[in-house]
Amino acid sequence: MILLSQADVRELLDLDALVDALAAAHRELSEGKASMPPRIAAFAERNGLLGAMPAYLPSAGLACKLVSLFPENRDRHTHQALICVFDPTNGTPVALMDGTYITATRTAAGSALATRLLAREDASVLAILGAGVQARTHADALRRVRNFDEIRVASRDQDRAAQLADELGGTAVESWEQAVRGADVVAATTHATEPVVLREWLEPGVHVNSVGANPAGRGEVDAATVRDALVAVEFRESTLAPPPAGAAEFRDGVPPDVVELGELVAGTKPGRTSPDQITLYKSVGVAVQDAAAAALVLAAAHERSIGRKIELEER
């Protein structure tokens with residue numbers, strides 16, 4: 001079995017290739033070719049949880065991620081994870097790799113895919129809500145699919161917002177509203193318990209990505225936005241399930257015309273139908289994304305002879 005550290009994974013995972021791999025993975029998922037049960041979780045101290053996310057994907061193989069979410073962490077990531085890849089023909093473990101970097105990167109790549117599919121081609125103003133790991137990975141991923149002339153950053157921590165804005169060549173603003181008003185694309189990457197995206201702030205034609213999740217909250221996006229937008233999700237069975245598997249935004253009702261990313265990729269469901277339409281991608285993170293990312297990492301590791309080989313069984 002190959003052991004791959006976070007440094008290995010960072011070196012091996014190509015973000016541009018990942019966006020395309022997720023497009024293929026979501027198409028397979030929507031076409032019923034993948035096996036992916038809803039996420040389960042055990043709850044621990046300090047509002048922490050440990051989730052298990054297995055999946056089989058024809059294009060990527062068989063994998064399972066164990067991911068912890070401890071939102072009160074300050075000295076380390078709030079999300080930490082391991083991914084194990086298995087031989088799909090006999091069940092033998094073939095790789096164990098860091099999943100923390102993959103979780104952040106594949107989440108941003110999913111938003112990049114949604115933005116590529118749904119945002120207006122002339123989108124030029126990006127609003128980033130939050131200033132943590134997801135904010136940074138989203139800034140990198142989204143700029144690969146649209147050309148932004150202006151980037152605004154808002155966070156509860158003004159110092160972190162200013163630091164991230166400086167890194168991105170953007171502007172730190174003082175409120176969620178200042179960031180969102182006039183934006184063409186919004187990336188909500190917070191752990192907020194109350195909405196940080198309100199319908200009254202949104203301009204016609206905006207595309208919103210929301211990846212933040214807090215089982216104790218009401219979601220990042222208010223009910224009016226959910227009601228008025230074309231809503232895209234990774235997988236209805238996962239996103240529309242009760243938390244912790246699903247999104248808190250849908251606790252009070254599900255929009256009637258929710259589409260899946262895979263349906264948009266395949267063209268079996270329409271995406272944006274007018275320049276003024278508001279679109280929303282609500283992500284909860286699904287295991288086929290981890291499997292697709294892990295497959296890319298493992299293939300690159302074999303090609304470049306990176307990783308430490310270990311034996312689990314005595315021969």
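All of these numbers come straight from a predicted model, not from anything done at the bench. (Residues numbered from 1 in each chain as written. Predicted model: local features only at pLDDT ≥ 70, side-chain atom pairs only at ≥ 80, totals over all residues. Heavy atoms only, no water.)

Participant: Sorry, what's going on with the overall build of the protein chain here?
Facilitator: Of the regular secondary structure elements, the protein chain holds ten helices and 15 strands. Computed over the C-alpha atoms, the radius of gyration of the protein chain is 19 Å, within 12% of the 20 Å expected from 2.2 N^0.38 for a compact globule of 315 residues. For the protein chain, the spread of C-alpha atoms along the principal axes amounts to about 65 × 45 × 40 Å. Taking all 315 residues of the protein chain together, the buried fraction comes to 54%. Across the protein chain, every contact between residues at least 6 apart in sequence was considered, and the portion connecting residues at least 24 apart equals 67%. Carbon and sulfur atoms provide 49% of the accessible area of the protein chain, an area that totals close to 14,000 Å². Averaging the positions of the 31 positive and the 43 negative side-chain charges in the protein chain gives two centres separated by 1 Å. (Helix = DSSP H or I, 4+ residues; strand = E, 2+ residues; numbered from the N terminus. Rg over C-alpha atoms; globule rule 2.2 N^0.38 Å. Buried < 20%, exposed > 50% of the residue type's maximum accessible area, 1.4 Å probe, protein only. Contact = heavy atoms within 4.5 Å. Areas by Shrake-Rupley, 256 points an atom, 1.4 Å probe, with all protein chains shown as cover. Lys, Arg positive; Asp, Glu negative; His and termini not counted. Charge placed at Lys NZ, Arg CZ, Asp CG, Glu CD.)

Participant: Would you explain the sheet that holds strand β14 (residues 279-282) in this entry?
Facilitator: Strand order across the open sheet formed by eight strands is β9-β8-β7-β10-β11-β14-β12-β13, with parallel pairing between neighbours. Here the strands that pair on one side only, and so sit at the sheet edges, are β9 (171-172) and β13 (259-260). As paired strands, strand β12 (residues 230-233) and β13 are joined by two bridges and run parallel to one another. Each residue of the ladder has a partner; that of V233, found in β13, is E260. Sheet strands touched by helix α3 (residues 100-118): β10 (185-188), β11 (207-210), β12 and β14. Its angle to β11, the strand with the most contacts, is close to 165 degrees. Running at roughly 165 degrees to strand β8 (residues 150-154), helix α5 (residues 158-168) makes contact with β7 (125-129), β8 and β9 of the sheet. (Pairing = 2+ DSSP bridges. Axes fitted to C-alpha atoms, helices over the stretch in contact; angles between N-to-C directions.)

Participant: Help me understand the sheet that holds strand β1 (residues 2-4) in this model?
Facilitator: Strand order across the open sheet formed by seven strands is β2-β3-β4-β5-β6-β1-β15, with mixed pairing between neighbours. At either margin of the open sheet sits one strand with a lone partner, and together these are β2 (40-43) and β15 (308-309). Here β2 pairs with strand β3 (residues 49-57) via four bridges, running antiparallel. Residue pairing for β3: A41 is matched across the bridge by G51. Together, β1, β3, β4 (61-69), β5 (79-86) and β6 (93-98) form the strand contacts of helix α10 (residues 287-304), whose direction differs from that of β3 by roughly 70 degrees.

Participant: Would you explain empty space enclosed by the protein in this entry?
Facilitator: Taken as a whole and judged by the stated rule, the model has two cavities of 30 Å³ or more. Around the largest cavity sit M36, P37, P38, R39, A52, M53, S238, A245, V284, G285, V286 and A287, which together line it. Taken together, the residues of the lining of the largest cavity sort by class into nine nonpolar, two polar and one charged. In this structure, the second largest cavity spans a volume of roughly 50 Å³. Along its surface, the second largest cavity is lined by A192, G212, A213, N214, G219, E220, G246, A247, A248, E249 and K282. Classifying every residue of the lining of the second largest cavity gives four nonpolar, four polar and three charged. (1 Å grid on protein atoms, 1.4 Å probe; cavity = no way out; pocket = protein on both sides within 12 Å on 5 of 7 lines; lining within 4 Å. Points joined across faces, edges and corners; volume = space filled by probe spheres on them. Nonpolar A, V, L, I, M, F, W, Y, C, P; charged D, E, K, R; others polar.)

Participant: I keep staring at the environment of I310 and nothing clicks. Help me out?
Facilitator: Take I310: it is sitting in the segment after β15. Sequence-wise, I310 and M1 are 309 residues apart; in three dimensions their C-alpha atoms are separated by 5.4 Å. Among all residues touching I310, those that are not within four sequence positions of it are M1 and L3.

Participant: Explain the packing of α3 against helix α4 (residues 133-142) to me, please; I cannot follow it from the model alone.
Facilitator: A pair of packed helices can be characterised by two numbers: the angle between their axes and the separation between those axes. At their nearest, the axes of α3 and α4 sit 8 Å apart, and the two run at 45 degrees to each other. Relative to α4, α3 is oriented oblique. The handedness of the crossing between α3 and α4 is right-handed. Contact with α3, carried on its side by T103, A104, T107, A108, A109, S111, A112 and T115, involves V133, Q134, T137, H138, A141 and L142 of α4 and no other residues of that element. Taken together, the residues of the contact of α3 with α4 break down into seven nonpolar, seven polar and no charged. (Parallel < 35°, antiparallel > 145°, perpendicular 65-115°, else oblique. Left-handed = near helix turned anticlockwise from the far one by under 90°.)

Participant: Looking at this model, I keep getting lost on the side chain of T225. Mind explaining?
Facilitator: Position of T225 relative to the elements: it lies in helix α7 (residues 223-228). Polar contacts involving the side chain of T225 include one to the side chain of D222, which spans 2.6 Å. Excluding residues within four positions of it along the chain, T225 makes contact with V197, L198, R199 and L202. (Polar contact = N/O pair within 3.5 Å; in protein donor to acceptor, adjacent residues only side chain to side chain.)

Participant: Is there a simple way to think about unusual backbone geometry in this case?
Facilitator: Negative phi characterises most residues that are not glycine, and trans characterises most peptide bonds. The phi dihedral of S305 is positive, around 55 degrees, even though this residue is not glycine. Topologically, S305 is positioned in the loop between α10 and β15. The exposure class of S305 is exposed, given its relative accessible area of 65%.

Shape descriptors only; they carry no functional weight alone.
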